[in-house]
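Secondary and tertiary structure notes
Listed below are the residues making up each chain.
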Amino acid sequence: MLSRMKGSKILITGASSGIGKAVAFELARRGVKLTLASRRLDSLRDVVEEIQSAFPEAPQPLIARCDVTRRKDVKRMVEECVRRFGGIDVLINNAGTGVYGNAEFTAIEDFRAVMEVNFFGAVRCMMEALPFLKQAEKGLVINITSVAAKHGVPYLGAYGASKAALAVFSQSFRSELKESGVSLMIVYPSYTQTDFFRNEKKVGGARRPRGPYASPQKVARAIVRAAESGKRNLVLSLEGKALTFSQGVFPRLVERAMDRIAYKLREKQEVFNE
Ligand SMILES: NC(=O)c1ccc[n+]([C@@H]2O[C@H](COP(=O)([O-])OP(=O)(O)OC[C@H]3O[C@@H](n4cnc5c(N)ncnc54)[C@H](OP(=O)(O)O)[C@@H]3O)[C@@H](O)[C@H]2O)c1
């Protein structure tokens, strides 16, 4: 779909690092008119510099300082994008944050904080951009959720809940948008090597088990290819696909596997009871 839209106008949230930055590169390669948004303007400027030296022919990306939890920021980001490029064809809701650790000791404020960014932030961006997506020839929303939205994973409950909320909302909204010409793709990434794990809140000093990780570049290529082919759902990694399949067919097996993961993490003292 995107390949037929060379020169299309694409807005990416959370474009200052990781998956969002890698998607920006993948799209710049295709000559897309990019708006890159996040809270850190200096990092966004660095991304633009890197893009321009890698793809001097690509249109100059617009950068927008935007905290997706603030309505004013989101409104201004959308306005700036429309003023510069004359519309929005694709919105990529990628901005995200995490909380990891024992749910029993997770403050309600930390549950709220991930919801604010991962769910309400994405909904806010969708609603502000929607009038312009409807005016586009073929508007598209790409929502980056997580494999943790497919089935609850121990010690990732608050994060998984925020991503599951976004995934389920996206399924509902996709049907509501059917006649509007706007389509919606849901992406479920697995472990990806980014700053995410450094930035997430670790409850009580919990330690994350290591990878295996995919590279953000590999994830970005898969996302852009899936968008180009008009895919509606993209589950990344073999583990993600196995989880998606088995939780429907062998739910007890998946529950036992999750119990085992929780037991091992406690045994290795990677999560703490405070
Ligand atoms: N890495 C993984 O293993 C993994 C797995 C599954 C799903 N995901 C999802 O993939 C997406 C990208 O994550 P990543 O792995 O690339 O992590 P990352 O490198 O930490 O990137 C997160 C991005 O979100 C932005 N962001 C965070 N809070 C924001 C806010 N309130 N308003 C606006 N922007 C905000 C950050 O930019 P600023 O700090 O500049 O605002 C940054 O650009 C997230 O939605 C994440 O949940 C990641």
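Residues numbered from 1 in each chain as written. Predicted model: local features only at pLDDT ≥ 70, side-chain atom pairs only at ≥ 80, totals over all residues. Heavy atoms only, no water.

**Quick look at the overall build of the protein chain**
Within the protein chain, the secondary structure is distributed over nine helices and nine strands. Here the C-alpha radius of gyration of the protein chain, 19 Å, is about what a compact globule of 274 residues would show, namely 19 Å. C-alpha atoms of the protein chain, sized along the principal axes, occupy 55 × 40 × 35 Å. Counting across all 274 residues of the protein chain, residues that qualify as buried make up 51%. Partitioning the contacts of the protein chain with sequence separation of at least 6, the portion at a separation of at least 24 is 71%. Summing over all exposed atoms, the protein chain offers an accessible surface of approximately 13,700 Å²; the carbon and sulfur share of this is 51%. The positive charge centre, built from 44 side chains, and the negative charge centre, built from 28, are 4 Å apart in the protein chain. (Helix = DSSP H or I, 4+ residues; strand = E, 2+ residues; numbered from the N terminus. Rg over C-alpha atoms; globule rule 2.2 N^0.38 Å. Buried < 20%, exposed > 50% of the residue type's maximum accessible area, 1.4 Å probe, protein only. Contact = heavy atoms within 4.5 Å. Areas by Shrake-Rupley, 256 points an atom, 1.4 Å probe, with all protein chains shown as cover. Lys, Arg positive; Asp, Glu negative; His and termini not counted. Charge placed at Lys NZ, Arg CZ, Asp CG, Glu CD.)

**Examining the site of the ligand**
The environment of the ligand is made up of 30 residues, and the closest members are S38, R39, Y159, T192 and T194. For the ligand, an oxygen atom lies 2.8 Å from a polar atom in the side chain of S16. In isolation the ligand offers 880 Å² of accessible surface; the protein chains occlude 96% of this area. When residues of the shell around the ligand are assigned to their parent elements, the largest contribution, three residues, is made by helix α6 (residues 196-199). The class makeup of the residues in the shell around the ligand is 12 nonpolar, 13 polar and five charged. (Near = heavy atom within 4 Å. Polar contact = N/O pair within 3.5 Å; in protein donor to acceptor, adjacent residues only side chain to side chain. Nonpolar A, V, L, I, M, F, W, Y, C, P; charged D, E, K, R; others polar.)

**So, the pairing of strand β7 (residues 183-188)**
When you tally the buried positions in β7, you get five out of six residues, the bulk of the element. Inspection of the sheet shows strand β6 (residues 140-144) paired to β7 by five bridges, in the parallel sense. By the bridge assignment for β7, V141 is matched with L184. (Pairing = 2+ DSSP bridges.)

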